[in-house]
Amino acid sequence: MIATNKISVSRRGFLAVGASAGLVVGFHIPFAGDASAQTAVIPEINAWVVVRPDDTVVIRIARSEMGQGTLTGLAQLVAEELECNWAKVTTEYPTPGQNLARNRAWGNFSTGGSRGIRESHDYVRKGGATARMMLVQAAADDWKVPAAECRAANSVITHAPSGRTTTYGKVAAEAARLTPPAQVTLKDPKDWKLVGKRLARLDTIEKVTGKQIYGADLTMPGMLNAAIKDCPVFGGKVKSFNAAAIEKRPGIKKVLRVGDSAVAVVADTWWRAKTALDALSIEWDNGPNVVNSSASVAQMLKAGLDATDAVVGNQNGDAKTALAAAVRRIEAVYSYPHQNHATMEPMNATARWTPERCEVWTPTQNGEAALAAAAEAAGLPPAKCEVYKIHLGGGYGRRGAVHDWVRQAVDIAKQMPGIPVKLLWSREEDMLHGRYHPVTQCKLQAGLDAQGNITALHMRISGQSILAGVFPQNIRNGLDPVQFQGLNAEGPEASIGYSFPNLLIDHAMRNPSVPPGFWRGVNLNQNAIYLESFLDEIASATQQDPLALRRKLMVSHPKHLAVLNAVAERVKWDVPPPDVGGQKVYRGLAQTMGFGSYVAACAEVSVSNDGLLKIHRIVAATDPGYAVNPQQIEAQVEGSFAYGLSAALFGECTQKDGRMEQDNFNTYPVVQMLHMPAVETVIVASGGFWGGVGEPTIAVAAPAVLNAIFAATGKRIRDLPLKNQSLKRA
Amino acid sequence: MAKLNVNGKVRDFAVEGDTPLLWALREQLGLTGTKYGCGIAVCGACTVHINGVPTRSCVRPVSTVKASDKIVTIEGLSPDGSHPVQKAWAQLDVPQCGYCQSGMVMAAAALLKAKPSPSDADIDQAMTNICRCGTYNRIRAAIKVVAQGGDTKSAALSIHHTDGSTT
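Residues numbered from 1 in each chain as written. Chains lettered and ligands numbered in written order. Predicted model: local features only at pLDDT ≥ 70, side-chain atom pairs only at ≥ 80, totals over all residues.

## Observations regarding the environment of Asp260(A)
Residue and element names in this part refer to chain A.
Turning to step 1, where the next piece is worked out: In this structure, aspartate 260 sits in the loop between β12 (252–258) and β13 (262–267).
Turning to step 2, where the next piece is worked out: Given 10 C-beta atoms within 10 Å, aspartate 260 falls into the exposed group.
Turning to step 3, where the next piece is worked out: When the C-alpha atoms of aspartate 260 and histidine 560 are compared, they prove to be 49 Å apart, with 300 residues separating the residues in sequence.
Turning to step 4, where the next piece is worked out: Beyond its immediate sequence surroundings of up to four residues, aspartate 260 is in contact with Lys237 and Val238. (Helix = DSSP H or I, 4+ residues; strand = E, 2+ residues; numbered from the N terminus. Buried ≥ 20, exposed ≤ 12 C-beta atoms within 10 Å, placed from the backbone. Contact = placed C-beta atoms within 7 Å.)

Shown next as structure tokens:
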């Protein structure tokens, strides 16, 4: 039972968890000792399932919904085994504090790495199956018949021999008292009725009516609003500020220092806080990083391309010797810039601190990490803290690993005990204090024999390690294993799709002062650009068809090859594409594997004589093993191209005098409607494994387009973003 | 004091005249469906209608909006999500994170009122709002669904809804 539960967020907004059937309390925000928690309590069947007397099924979802549809997909998995009426399914989040108190009954809350479904499919389905068996057992006990004679479907339990029926709602209270069965058997995938279906999302209506509450929208009694400015130079500190100059402005409650690097203004409204903060002159102690710039970072990375301190991520044979002996060598250097996640909803958290308890309401991709950050900032044990997850206005990795904004919110709340304070970052703050896509360069060298066959490949990656910046404890002997995403030798996570007789992939770690983060697609993004572009370079240099060359190298990688073939088949690779608007259309291919899934894409582009790029269509294939909700996979694939093409066309955060130069969407443009190509998704669900879908496709967006641009113009773009490059024909 | 006509109701409230309409709506009137995204009229998350014209409310000072101007926000577009644009959005499961969608819906509603059968170029020109999740193609399809009187066939999506219908 979760009788102590205060709130959770469901598709209807805030619900009192376990409250009597249908008690939707609107936008009620609970506080400790809230009277609404005294309402009648419905027992849960198990951690995942609550059944109300009216047969409404509440499915608990541990992962965070941020647009990727995990709320719906995970509910489908539970409901599949539960055999409940899908039309009466609703969802709610358990809190991280409850998870802690219940020995992590809901497992991992982390919602990153496209992990929502692929990491928890087994135990959430078992949760559904266990609940079904308990409901059936309760009915059987009531009828005094063997449970084996009873069947459940659509929330109705039937005893076939006698024809008796009952519903889940009627036996739920009894079922909740039973001991869970020790053994559960999950359905054979061929018997799935909900999994694999193109079901509508559970959270759409709220989002088209403006009723969905995001963290930025929270209000609660007595709440104040905070705006913040952190030192724009990474690692800098606050030297001084003249609070008196703005304290008399209307609505201002407090001007305060947050940690040693930020200043916040707390006011009755956020707009008053923000404008007062803008009027405040702050003197910064910029610290040593003020000398850094994108040029100095590039110089540092360039030196790493030939440095001797590299660690090996993947190798076979002897690439260096084979390169030296090659009849012909091809070499190219690529680079990938820093980029901001730029979630539409800027970072925010509402915190309320007392010496006894700290509560935080925030959009987070990892409620447990948010709780740990809150507890640390609060100076209280985690058991005396709680985090309430609020729906995310975008995540893309920014809201997962590092909860810097939560620490700030708690720090502010701590200076105003008992008062709930909502900290909302301005867009400018969000742009200047991201956890940026890591910056890397890559030197690729291929050795060829007289027939143009690749005898050796050396990929030297130089640059930033995400783990070194975020989880340094996970660096092993100088090796960041995440660095080699999509380039690993083998394994179910992110393996390379090609075989080379001699291969060396190594990394010289070079970490600039810009804080890195997991950015949707992570290191797969640049790794796929490097390898897929360079293979096209080899194809061109050896006058081979890019598809034919790949196929030769992919003989031992059938799953990688299958998605590439699916793309080639859909576009009819052997038939040239028709002209569009008098412009000749050219194609580019890319494939990779990451987050447990195999993906490939073909981009069709034209480039005018003036160098104007138009991306007409992208055909993409994905093999996530099992496809839980194909229409949402299509949505994720389309979204991946919007995100990946934003990065390829425009994405760049440049550093000058130790700070980022781009501070809003006018200087950090992203893909809009007019740039968006048609996207056709081919789902190749080969079964037998569970891969992610939110991220892998991003990595093929840029290389497919870059290869198509080369086909169109003969220009090989090796440095992103494209906005800095002229595609004008010479 | 300011006086605004929002969603058919005249509302009086105290606010500095240079406060953007967005923040008056969100903080004085509690209408949080209209979102803050950039504060410089680039992303469109704050789009509302003023006398039917799609307006980026984050840079529009309250003092420049007359009491006679009719403001419509996402909360007032329809009482129950039944505006044709909202219906098409729901039928095609357009939103992902959803944060930009109030602005998208308001921009699309204004476009379709001005041009009931917009071309792709019209859509590109009118729908300059930013979506980071990448719902653009379903937005385009949903606008066409509205233009075709609610017929979802052109979207070719095949989505099963809990009411038993299939888009």
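## A look at the domain arrangement of chain A
Residue and element names in this part refer to chain A.
Turning to step 1, where the next piece is worked out: On domain assignment, one finds that chain A holds domain 1 (8–209), domain 2 (215–287 + 347–424) and domain 3 (294–339 + 436–724).
Turning to step 2, where the next piece is worked out: Between the C-alpha centres of domain 1 and domain 3 the distance comes to 40 Å.
Turning to step 3, where the next piece is worked out: Counting residues at the interface gives 19 residues for domain 1, matched by 20 residues for domain 3.
Turning to step 4, where the next piece is worked out: Elements with a contribution of two residues or more to the side of domain 1 that touches domain 3: α1 (70–82) and α3 (116–143). (Domains from an automatic or database assignment.)

## Details of the sheet that holds strand β29 (residues 678–683) of chain A
Residue and element names in this part refer to chain A.
Turning to step 1, where the next piece is worked out: Judged by pairing direction, the sheet is mixed, and its 4 strands sit side by side in the order β24-β25-β26-β29 without closing on themselves. Both edges of this open sheet fall to β24 (586–594) and β29, since each of them pairs with a single strand only. Here the average twist between neighbouring strands, direction ignored, is 15°.
Turning to step 2, where the next piece is worked out: Where β24 meets strand β25 (residues 597–607), 9 bridges bridge the pair, whose relative direction is antiparallel. Looking at β25, one finds that methionine 593 is bridged to tyrosine 598. (Pairing = 2+ DSSP bridges. Axes fitted to C-alpha atoms, helices over the stretch in contact; angles between N-to-C directions.)

## Comments concerning the nonpolar core
All names here are of chain A.
Turning to step 1, where the next piece is worked out: In this structure, Leu135, Ala374, Val567, Ala601 and Val705 are the most contacted members of the largest nonpolar core, which totals 282 residues.
Turning to step 2, where the next piece is worked out: Ranked by residues supplied to this core, first place goes to helix α18 (residues 698–713) with 13 residues.
Turning to step 3, where the next piece is worked out: Contacts of alanine 601, omitting those with residues within four sequence positions, involve Val567, Ala590, Ile618, Val619, Ala620, Val700, Ala701 and Ala704. (Core = buried A, V, L, I, M, F, W, Y, C linked by C-beta atoms within 7 Å.)

## Some details on the domain arrangement of chain B
All names here are of chain B.
Turning to step 1, where the next piece is worked out: Segmentation of chain B into domains returns domain 1 (2–76) and domain 2 (84–155).
Turning to step 2, where the next piece is worked out: Each of domain 1 and domain 2 has a C-alpha centre, and these two points are 22 Å apart.
Turning to step 3, where the next piece is worked out: Contacts between the two partners involve 15 residues from domain 1, matched on the other side by 12 residues from domain 2.
Turning to step 4, where the next piece is worked out: Those elements that provide at least two residues to the side of domain 1 that touches domain 2 are β3 (47–50) and β4 (53–56).

## Here we look at the interface of chain B and chain A
Turning to step 1, where the next piece is worked out: Every contact between the two is made by 47 residues of chain B and, on the other side, 50 residues of chain A.
Turning to step 2, where the next piece is worked out: Along the lines of polarity and charge, the residues of the side of chain B that touches chain A split into 22 nonpolar, 19 polar and 6 charged. (Nonpolar A, V, L, I, M, F, W, Y, C, P; charged D, E, K, R; others polar.)

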